[in-house]
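Now for the letters of each chain:
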Amino acid sequence: CLVMIIGVGLLTAVAYVRSRHHLSSQTNHIFREATDSYAARLVDSVEGYGDLMYATKGLHSTTAITGPVWSDFIRGQYAFDRYPGLQVVGYARLVDPAGKASHTAQIRKESPERNFTIHPAASGKQIVLDYIDQPNAEAAKRNPALGFDLLSEPVRKSAIEQAETTGSIPATGP
């Protein structure tokens, strides 16, 4: 009887170990498939955002960018339909200290309702977010990021320096 109990115990232990190993293998396989699928979707999204940035580079080389031109371009790219989760697309440009007043006046003339102001104040060159488009166009006009100096924030400054050095078009989060 004792031999039978030990035998059943051993069989139970072996079955447990094999079942656990099989379950662990299945779980790992399912996890790998899910993460591979997620990674592929993420790569597709990032490449899509890159395509939008390169199209913006092309726009910049062919025409003067104004608020309406920017908005028409982004809407024409169907950016918010093609890239789910995209919340804001902005256009920024370099503003030298001597040109800040005229730059501010130009943007205010285009969109008086925005009360455009460059912020935070700085004495050197600034890269200023002039135009923003987002799914709700009215909200874009009131977005507090308008006029923001991208060089004042370390992550964005680093991305800008990378773009200047490598010619790449990096993206940053909100």
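So, how was this worked out
Per-chain numbering applies: the sequence of each chain, read as written, is numbered from 1 onward. Totals for whole chains, interfaces and linings use all residues, but because this is a predicted model, local features are given only for residues with pLDDT of at least 70 and pairs of side-chain atoms are given and counted only at 80 or more. No hydrogens and no water enter the side-chain calculation; it runs on all heavy atoms of the structure. Secondary structure counts use DSSP, requiring at least four H or I residues in a row for a helix and at least two E residues in a row for a strand, with both numbered from the N terminus. Just to be clear, the radius of gyration here is over C-alpha atoms, and the globule rule we use is 2.2 Å times residues to the power 0.38. Each residue is placed in one exposure class: buried if its accessible area under a 1.4 Å probe, protein chains only, is under 20% of its type's maximum, exposed if it is over 50%, and partly exposed if it falls in between. When checking whether two residues touch, look at their non-hydrogen atoms; a contact exists if any pair is within 4.5 Å. The Shrake-Rupley method, run with a 1.4 Å probe sphere, supplies the accessible areas, and residue values consider only the shown protein chains as cover. Residues scored as charged are limited to Lys and Arg (positive) and Asp and Glu (negative), so that His and the chain ends carry no count. All charge positions are set by atom: Lys at NZ, Arg at CZ, Asp at CG, Glu at CD. What makes a patch is a set of residues exposed beyond 30% relative accessible area and free of salt bridges, joined within 9 Å when like-charged and within 5 Å when nonpolar (Val, Leu, Ile, Met, Phe, Trp, Tyr). Salt bridge, as used here, is a side-chain nitrogen of Lys or Arg placed within 4 Å of a carboxyl oxygen of Asp or Glu. The predictor's confidence in any single residue is recorded as pLDDT, a number from 0 to 100. This arc describes the spread of directions from the helix axis toward the C-beta atoms.

> Explanation requested: the overall build of the chain in the structure shown.
On a plain count of helices and strands, the chain comes out with six helices and two strands. Listing the helices and strands of the chain from first to last along the sequence gives α-α-α-β-α-β-α-α. Here the C-alpha radius of gyration of the chain, 27 Å, is well above what a compact globule of 174 residues would show, namely 16 Å. Summarising its shape, the C-alpha atoms of the chain cover approximately 100 × 35 × 30 Å along the three principal directions. Per-residue burial for the chain yields a buried fraction of 25% across its 174 residues. In the chain, of all internal contacts separated by at least 6 residues, the share reaching a separation of at least 24 is 56%. Per element, the accessible surface of the chain, about 11600 Å² overall, is 62% carbon and sulfur. Side-chain charges in the chain split into 17 positive and 17 negative, and the spacing between the mean points of these groups amounts to 4 Å.

> What am I meant to see in unusual backbone geometry here?
Glycine aside, residues mostly have negative phi angles, and peptide bonds mostly take the trans form. Residue proline 120 follows histidine 119 across a cis peptide bond; omega there is -10°. One non-glycine residue with positive phi stands out, namely tyrosine 78, at about 55°. Residue position: tyrosine 78 is located in the loop between helix 2 (67-76) and helix 3 (79-82).

> What is the right way to read a nonpolar patch on the surface from this model?
On the surface, a cluster of nonpolar side chains totalling about 300 Å² of accessible area is made up of Tyr38, Leu42 and Val46. With respect to the helices and strands, leucine 42 occurs in helix 1 (residues 2-62).

> For this particular structure, what's the right way to read the confidence of the model for the chain?
In regions of low pLDDT, the predicted coordinates are not meant to be interpreted in detail. When the pLDDT values of the chain are averaged, the result is 84; 98% of them are 70 or greater. Of all secondary-structure elements in the chain, the lowest mean pLDDT belongs to helix 5 (residues 137-141), at 74, while helix 4 (residues 100-110) reaches the highest, 92.

> Even after reading the chapter, I still don't get helix 4, so can you show me in this structure?
Along an α-helix, residues three or four positions apart point the same way, because every turn accommodates 3.6 residues. Buried within helix 4 we find Lys100, His103, Thr104 and Ile107. The buried side chains of helix 4 occupy one side of the element, clustering within an arc of 95° when seen end-on. Among the exposed residues of helix 4, those pointing more than 90 degrees away from its buried face are Ala101, Ser102 and Lys109. The secondary structure elements touched by the buried residues of helix 4 are strand 1 (89-95) and strand 2 (126-133).

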